[in-house]
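Residue-level listing of the chains:
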Amino acid sequence: MHSNSKTSFQKSLLFLLVILMLSGCSSLNKVNNIQHKKSSTYLLQHSGVLSIADKRMPLHGMLQLIPEQRKAQVVMMNEMGMKLLVAEIIADDKGGYESKKIFESPFLRLIPHFYNESMSCIYEMFLAPQSATSGAINIVTEGSRQIADRKFAAHTIITDPQGNYTLELFLNSGSQKDF
């Protein structure tokens, strides 16, 4: 008798859970009938080479771009996967941006202006309105790659105006997710 009542209890519990799930879904559908604007997020994976004097360092990086929020997050790693830079950049309404340095390696801190110039280039390439881009002479792009409904530079060369470094980037892959 004991196992029979246990089985009956489990069936009742399962039935109640199904009822709760279905009623939760039906009420959720009624609430979500409002049309929402689709928001896209792009994830771009780059490889690159940072050249300082006669030294060359292979790099890998990812950039998450959320155009509707005018926001990008970047992670830069060396060839062994150690983080060199983690940052977030958000364009403002005045034609500029604010950046938040989450992590910067001691190595990159030794390169004058590297962080600020990197943020400026990310803004220029991904977040600045097309009418406001300055066409900075320290950013040269070649070719393009289509990722969903947008084109991105396939090859980018960023040269430090003071001549401290050159950063060459190659767009390896990318994807888009809609929310």
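In this text the structure is predicted, and so the values were computed from the model without any measurement. (Residues numbered from 1 in each chain as written. Predicted model: local features only at pLDDT ≥ 70, side-chain atom pairs only at ≥ 80, totals over all residues. Heavy atoms only, no water.)

**Student:** Could you give me a rundown of the confidence of the model for the protein chain, with the residues and numbers involved?
**Tutor:** Fine structural detail should not be taken from predicted coordinates in areas where pLDDT scores are low. Of the residues in the protein chain, 75% reach a pLDDT of 70 or more, and the chain-wide mean stands at 82. For the protein chain, helix α1 (residues 2–31) is the element with the lowest average pLDDT, namely 46, and strand β4 (residues 83–91) is the one with the highest, namely 97. Scored below 50 in pLDDT, residues 12–34 makes zero contacts in the model with residues more than four places away or belonging to other chains. (pLDDT = per-residue confidence, 0-100. Helix = DSSP H or I, 4+ residues; strand = E, 2+ residues; numbered from the N terminus. Contact = heavy atoms within 4.5 Å.)

**Student:** Please set out the sheet that holds β4 residue by residue, giving values where relevant.
**Tutor:** Overall, antiparallel pairing links the eight strands, which are arranged β5-β4-β3-β2-β1-β8-β7-β6 in an open sheet. Every other strand in the sheet has two partners, leaving β5 (97–104) and β6 (139–147) as the edge strands with one partner each. For this sheet the average axis-to-axis angle between neighbouring strands, irrespective of direction, equals 20°. Note that strand β7 (residues 150–159) and strand β8 (residues 166–178) share five bridges and pair antiparallel. Residue pairing in the sheet places Thr159 in a bridge with Thr166 of β8. Sheet contacts for helix α3 (residues 114–127): β1 (40–52), β2 (55–66), β3 (71–78), β4, β5, β6 and β7; angle to β4, the most-contacted strand, approximately 50°. (Pairing = 2+ DSSP bridges. Axes fitted to C-alpha atoms, helices over the stretch in contact; angles between N-to-C directions.)

**Student:** Can you lay out α3 for me, pointing to particular residues and giving the numbers?
**Tutor:** The end-to-end C-alpha separation of α3 is 19 Å, in line with the 20 Å expected for 14 residues at 1.5 Å each. The element α3 is largely enclosed, with a buried count of eleven among its 14 residues. Listing the buried residues of α3 in full gives Phe114, Tyr115, Glu117, Ser118, Met119, Cys121, Ile122, Tyr123, Glu124, Phe126 and Leu127. (Expected span 1.5 Å × (residues − 1). Buried < 20%, exposed > 50% of the residue type's maximum accessible area, 1.4 Å probe, protein only.)

**Student:** How would you explain unusual backbone geometry if you had to name every residue and give the values?
**Tutor:** Phi angles above zero are rare outside glycine, and His113 is one such case at about 65°. Relative to the helices and strands, His113 resides in the loop between α2 (106–109) and α3. In this structure His113 comes out as partly exposed when scored by relative accessible area, which is 45%. Even without being glycine, Ala148 reaches a positive phi, approximately 55°. Since its relative accessible area comes to 45%, Ala148 is described here as partly exposed.

**Student:** Requested: an account of the packing of aromatic side chains, with residues and values cited.
**Tutor:** Two aromatic rings are characterised by how far apart their centres lie and by the angle between their planes. What the rule picks out here adds up to four aromatic pairs. Judged by centre distance (6.2 Å) and plane angle (40°), the ring pair of Phe126 and Phe152 falls under tilted. Linking Phe126 in helix α3 with Phe152 in strand β7, this pair joins segments that are 26 residues apart in sequence. By the burial criterion, Phe126 is buried, and Phe152 matches it. Taken together, Tyr42, Phe126 and Phe152 form an aromatic cluster joined through their ring pairs. Sitting above the plane of the Tyr115 ring, Lys101 keeps its charged end 4.7 Å from the centroid. The ring of Tyr42 has Arg150 sitting right over it, with the charged end atom 5.6 Å from the ring centre. (Phe/Tyr/Trp six-rings, centres within 6.5 Å; stacked < 30°, edge-to-face > 60°. Lys NZ or Arg CZ within 6 Å of the ring centre and 35° of its normal.)

**Student:** I'd like a rundown of the pattern of salt bridges, residues and numbers included.
**Tutor:** As enumerated under the stated definition, the model contains three salt bridges in all. With a closest N to O distance of 3.4 Å, Asp93 and Arg70 form a salt bridge. Of this pair, Asp93 sits in the loop between β4 and β5 while Arg70 sits in the loop between β2 and β3, and the two are 23 residues apart along the sequence. Accessibility expressed as a relative area gives 78% for Asp93, which makes it exposed. (Salt bridge = Lys/Arg side-chain N within 4 Å of Asp/Glu carboxyl O.)

**Student:** I'd like to hear about the environment of Ile52, residue by residue, with values.
**Tutor:** With respect to the element layout, Ile52 can be found in strand β1. Exposure remark for Ile52: the relative accessible area of 24% places this residue in the partly exposed category. Here Ile52 is in contact with Phe107, Ile111, Asn164 and Tyr165, once residues within four sequence places are set aside.

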